[in-house]
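If you want the building blocks of each chain, they are given just below.
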Amino acid sequence: MQILAQLIVSGIAVGMIYGVIAFGYQLTFATSETLNFGQGEALMLGSLVGLTVVAVTGYWLMLPIVLAFGLVQGAVVERLGVRQAIKTKSESGWIMATIALGIIFKNMAENIWGRDALKFPSPLPEAPLSFMGVNVLPMELVIVVGALALMLAVEAFNRKSIYGKAVVATAADRDAAGLMGINTSVVITFSYALSSMTAAFAGVLVAPVTLTGASMGGVLGLKAFSVAIIGGLSSGMGVVVGGLILGITETLTGFYLSTGYKDVPGLVLLLLVLSLKPAGLFGRTAIKKV
Amino acid sequence: MRKLLALAGVAALVAFPFVFTSPYYLHLMVVVAIFSIVTLGLDIVFGYTGEVSLGHAALFGVGAYTAGVLAFQLDWGFWVALPLGVLVAAGFGAILALPALRVTGPYLAMVTLAFGTIVAILVNEMTFLTNGPLGISLTKPFFADLREQLPWLEMSRPRMRDVEYYYVVIACLLIVLVVISRLLGSRFGRAFEALRDSPIASDCMGVSVYRHKVLAFVLSAGFAGLAGVLFTYSEQYIAPNNFSFDLSIQFLLAVTMGGRKSRVGPMLGAAIVVFLPNLLADIALFRLVAGVIAGVAVVAGGVAAVRNPEQRLRAAVPVALCLAFFGFSLWLQQITDYKLTVFGLMILFVVYYLPDGIYGLLRQGLARLQRRGAKAVAPSSAWTAPPVLDANRPLLEVRGIVMQFGGLRALDTVDLTVMPGTVHGLIGPNGSGKSTMMNVLTGIYVPTAGEVRLEGASIAGWKSPEIAAAGIARTFQNVQLFGELSLLENILVGLNHSYRSGAAEVALALPRARREEAAARARAMGLLQFVGLDALADEEARNLPYGKQRLLEIARALALDPKLLLLDEPAAGLTAPDIVVLMEIIRKIREHGITQILIEHHMDVVMALCDEVSVLDFGQKIAEGKPAAVQANPKVIAAYLGGDHAEAADAEG
């Protein structure tokens, strides 16, 4: 029983990370119906830039720098990979271009930071706290709180500020928003910037618990995609729940079955959800109009 | 001309082992041929149905591991593995396509990516079956020792074996080429393109999107599996990391860069992808190639700038990029660490500047040199025997139909009775539920309640392809043509129901398949003639002016040999002379015994053509009867002009 509780607690922390990255997918999908297939690489870059900066500034001061870096990186991805494809309505175009950018980023990171996994200094004590026999790393608490805080901050920005309303309007109807004088291509660039920012933030949250390195992105990006689909690409609640489902099933499979198989249930869940309820567990099904 | 080139290509492939005697190049050619089989198959899914598959490396791996496991566990050899590899991979393709029932686009890309990851994990973990990360070794088959019969070959035994294997692979490639060309030139290829351009119209033409998508995936996976088996025996060793996500990207890059929707393109792309690692291993060679590309770009850009001075700036960008790339190659001291960056840059460049691939570019150039004459098809009659119907029984009966969208009742207990042989008008203000009714009748929406009967048989809840097969055809308010298909091919999609031959018969080009194709083409030409578009038969549908697109839609719907034809605002956006033509067409369709429901806002058209008119307003039927009576009905006037007029009309009436 105690082991089960322990596994669930670890699963929650992992799941929140997936949730934050998945939230990034939602941001761009809402405005442009495109996604960054290199989202994992955005996370990896954020984490490695953080690693370089943290040596100079310490953990907490590093955060705003990494967030700013994420914003810029996302804007670059949109400009180079997505804009042209949106213009020509070429779906394979943006899928391949964002994959290509991901490959380039990963290769550059390998050349700058090397191919090995690196240790990221933890800002908090690494001794676990014990609650009724269940061990929790202080950093895991920061992950959960930080992830929720970031998602809430972005949501609040979208709902309260006039810029956020432009984002929501573009998400609701890009053409109509454009006719109302909203520069929708700027909004789309901005949504990519925000999306990479959340990924970079997730990167520096998760790095002290795991390790960091040029190859950390791919798997995380894919899992977050599972989460976004399981929860629904249109539901903020969905990514949190989806993340938790995936994180917990993973730690459970890893322990009870084999660590080699720990990625399988999430992917199978993804395929099942797509077969049975493609809008996701929390998504709304759109009515097709002819 | 094409045949000559193809023959020359085959001759070159046959002569290759004797021209280049180096085993290294022979092996590279084998790998090119194997990758070509994968990319040709991938093109079915990627080029034709327009879906991005990131899982083809896994399907390739399934084929490879089928061969590997059979050899490793059971000691079964090449000839058993070949068919089994195809079947097992095709089976996996079917599993992969099942979620495709509901999703498209990025979702489908992700499904394939997840599938690829699962396969990679399973291969790695199921050590008892696959030997896990250690991989499987086996030996290339030795088919026959021909050295005694053909002493002039002067080959050592290993070389004999390699050359024989080369010919086996080339034979497979040629068979694949023929089969794929036949399939894609047939109704199946047209169906794949149709479902890409307009899934809804495909379903309503009786071409089930789901079935054809699954078919495309299964075919594509089967070819990947075949290639996998050949790969295993060519390399004589396979391990899980042979079939990673990167390989899927390489396949996609190959198809895009070579040129989609062609046979030459994917093969060209496969050759580039295979030679790429060699190119990227040698800095001098890399610089040379980058230099040549830059030179070609400067020349091509110069030509483009002279020919089209206004587009100078646009043309200058790729040229500058090519030059910068050359500079980058000079700056690089060593290349192995930057392999993937170069690879990524290539993908970006192709996506931006070569969306139709190298072959697409060449084809454009060739098309300018030689205008391809349209292949003349002699038209046969547009009409088959008119449907035999009981004149006294309603053809279509709609009883108490309700269509609820959340809080909105788009149709509220509507009844509709359409007698055979009539033109039944359905009018009403915008948003009154006319198009919703069309969508309910053709199975796009499943009604919340109520009954729809066609010749007495209930069809409510049927899927669109079934309803199309039962005899209801339609046109669309916002035209839904298959844009990249020619006019003739658009009609041929509608004639899909007239074929009995299956994919295997088409692949073997059996007489029945060829006969059916010829008959369908003649009939399609007849239908084009009926709407006056036969002169444009080989034009792509998206290039037609709007009015003609609507006529083409009608001809396509007639190809279904419908009992009931639904016309959704056929006159919208048409010029006055076009409307006259349209009215004549509708009259002729009625003469041929086809019942029609006509949604239209042009009242003169409705009044002139319709035998009966039903009026909808806010989802309810407010009037019905002869056109003149309906026109005078105060409720109808009120619906169109607003409440005050109704009261005025009431007072007067």
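Worth saying up front: this structure is predicted, and the values here are computed from it rather than measured.

## Re the overall build of chain B
When helices and strands are counted, chain B shows 27 helices and 12 strands. Counting only C-alpha atoms and orienting by the principal axes, one finds that chain B spans roughly 105 × 65 × 50 Å. Sorting the 653 residues of chain B into buried and exposed places 45% on the buried side. In chain B, 74% of the contacts between residues at least 6 apart in sequence involve partners at least 24 apart.

## Thoughts on the domain arrangement of chain B
Residue and element names in this part refer to chain B. What the domain assignment reports for chain B is domain 1 (29-270), domain 2 (396-481 + 562-652) and domain 3 (482-543). A straight line from the C-alpha centre of domain 1 to that of domain 3 covers 29 Å. Taken residue by residue, the interface counts 17 residues in domain 1 and 16 residues in domain 3. Only helix H7 (157-185) and helix H8 (187-197) provide two or more residues apiece to the side of domain 1 that touches domain 3. Sort the elements by how many residues they give to the side of domain 1 that touches domain 3 and H8 lands first, with seven residues.

## Here we look at the sheet that holds strand S8 (residues 472-474) of chain B
Residue and element names in this part refer to chain B. Spatially, S8-S9-S10-S5-S11-S12 is the arrangement adopted by the six strands of the open sheet, whose pairing is mixed. Only two strands of the sheet have a single neighbouring strand rather than two, namely S8 and strand S12 (620-625). Here the strands of the sheet are splayed against their neighbours by 20° on average, with no regard to which way each runs. The pairing of strand S11 (residues 612-617) with S12 spans five bridges and is classified as antiparallel. Bridge pairing in S12 places Leu616 opposite Lys621. Against the sheet, helix H17 (residues 434-441) engages strand S5 (423-427), S8, strand S9 (564-568), strand S10 (595-599) and S11, with an angle of about 145° to S9. Relative to the sheet, helix H26 (residues 634-641) contacts S11 and S12, its axis offset from that of S12 by approximately 130°.

## As for the interface of chain A and chain B
With 36 residues of chain A in contact, the opposing surface of chain B contributes 41 residues. Where the side of chain A that touches chain B is concerned, the elements lending two or more residues are helix H3 (59-88), helix H4 (91-113), helix H9 (217-231) and helix H11 (264-276) of chain A. In terms of residue count, H4 of chain A provides more of the side of chain A that touches chain B than any other element does, 15 residues in total. Grouping the amino acids of the side of chain A that touches chain B by side-chain chemistry returns 23 nonpolar, 10 polar and three charged.

## Brief notes about the pairing of S11 of chain B
When a strand is regular, its side chains alternate between the sheet's two faces. Of the strand pairs in this sheet, S5 of chain B and S11 of chain B are connected by four bridges, and their pairing is parallel. Its bridge partner lying in S11 of chain B, Leu426 of chain B is registered against Ser614 of chain B.

## Re helix H10 (residues 209-235) of chain B
Residue and element names in this part refer to chain B. Given a rise of 1.5 Å per residue, 27 residues ought to cover 39 Å, and the 38 Å separating the end C-alpha atoms of H10 matches this to within 8%. When you tally the buried positions in H10, you get 23 out of 27 residues, the bulk of the element. Positive phi appears at Gln236, one or two residues downstream of H10, with a value of about 65°.

## Here we look at unusual backbone geometry
A positive phi angle, close to 55°, is found at Glu33 of chain A, a residue other than glycine. Structurally, Glu33 of chain A is set in the loop between helix H1 (2-32) and helix H2 (39-57). Assessed through the 16 C-beta atoms surrounding it within 10 Å, Glu33 of chain A is described here as partly exposed. Located in the positive-phi region is Lys261 of chain B, a residue other than glycine, with phi close to 55°. Here Lys261 of chain B shows up in the loop between helix H11 (245-258) and helix H12 (264-279).

## Topic: the environment of Asp203 of chain B
Residues and elements named next belong to chain B. Considering the arrangement of structural elements, one finds Asp203 in helix H9 (residues 199-204). Counting along the chain gives 239 residues from Asp203 to Thr442, while the straight-line C-alpha distance between them is 9.3 Å. Excluding anything up to four places from it in sequence, Asp203 contacts Ser208, Val209, Ser464 and Pro465.

## Some words on the nonpolar core
Ile17 of chain A together with Ile37, Leu528 and Ala555 of chain B are the most contacted members of the largest nonpolar core, which totals 270 residues. When near neighbours in sequence (up to four residues on either side) are disregarded, Ile37 of chain B contacts Cys172, Leu173, Val176, Phe223, Leu226 and Ala227 of chain B. Counting residues in hydrophobic clusters, the runner-up holds five residues, among them Ala294, Ala297, Cys322 and Phe326 of chain B.

## Things to note about the sheet that holds strand S4 (residues 408-418) of chain B
Residue and element names in this part refer to chain B. Strands sit in the order S4-S3-S6-S7 across an open sheet of four strands; the sheet is antiparallel. Two strands lie at the open edges of the sheet, namely S4 and strand S7 (457-458), each paired on one side alone. Across two bridges, strand S6 (residues 449-454) lies against S7 in antiparallel orientation. Bridged to Arg453 within S7 is Ser458.

## Some details on the packing of helix H2 (residues 23-48) of chain B against H11 of chain B
Residue and element names in this part refer to chain B. Across the interface, H2 lies against H11 with an axial gap of 9 Å and an inter-helix angle of 75°. It follows from the interaxial angle that H2 and H11 lie roughly perpendicular. Taking contact as the criterion, the partners of Phe35, Val38, Thr39, Leu42, Asp43, Phe46 and Gly47 in H2 are, on H11, Phe251, Leu252, Ala254 and Val255. Residue composition of the contact of H2 with H11, by class: eight nonpolar, two polar and one charged.

## Focus on the environment of Tyr546 of chain B
Within the secondary structure, Tyr546 of chain B is located in helix H22 (residues 546-558). In this structure, the C-alpha to C-alpha distance between Tyr546 of chain B and Leu574 of chain B, residues 28 residues apart in sequence, is 7.7 Å.

## Considerations on the environment of Thr422 of chain B
Residues and elements named next belong to chain B. As for its position among the elements, Thr422 is in the loop between S4 and S5. Separated by 169 residues in the primary sequence, Thr422 and Glu591 place their C-alpha atoms 9.7 Å from one another. When residues no more than four places from it in sequence are discounted, the contact partners of Thr422 are Thr595, Asp611 and Glu612.

## Quick look at the packing of H1 of chain A against helix H5 (residues 138-160) of chain A
Residue and element names in this part refer to chain A. Two elements in contact, H1 and H5, have axes whose closest approach is 9 Å; the angle formed by their N-to-C orientations is 25°. Overall, the two elements H1 and H5 adopt an arrangement that is roughly parallel. For the element pair H1 and H5, the recorded crossing hand is left-handed. Seen from H1, the contacting residues are Ile12, Ala13, Met16, Ile17, Gly19, Val20 and Phe23; seen from H5, they are Glu140, Ile143, Val144, Ala147, Leu150 and Met151. Here the contact of H1 with H5 is composed, by residue class, of 11 nonpolar, one polar and one charged.

Calculation notes
- Residues numbered from 1 in each chain as written.
- Chains lettered and ligands numbered in written order.
- Predicted model: local features only at pLDDT ≥ 70, side-chain atom pairs only at ≥ 80, totals over all residues.
- Helix = DSSP H or I, 4+ residues; strand = E, 2+ residues; numbered from the N terminus.
- Buried ≥ 20, exposed ≤ 12 C-beta atoms within 10 Å, placed from the backbone.
- Contact = placed C-beta atoms within 7 Å.
- Domains from an automatic or database assignment.
- Pairing = 2+ DSSP bridges.
- Axes fitted to C-alpha atoms, helices over the stretch in contact; angles between N-to-C directions.
- Nonpolar A, V, L, I, M, F, W, Y, C, P; charged D, E, K, R; others polar.
- Expected span 1.5 Å × (residues − 1).
- Core = buried A, V, L, I, M, F, W, Y, C linked by C-beta atoms within 7 Å.
- Parallel < 35°, antiparallel > 145°, perpendicular 65-115°, else oblique.
- Left-handed = near helix turned anticlockwise from the far one by under 90°.

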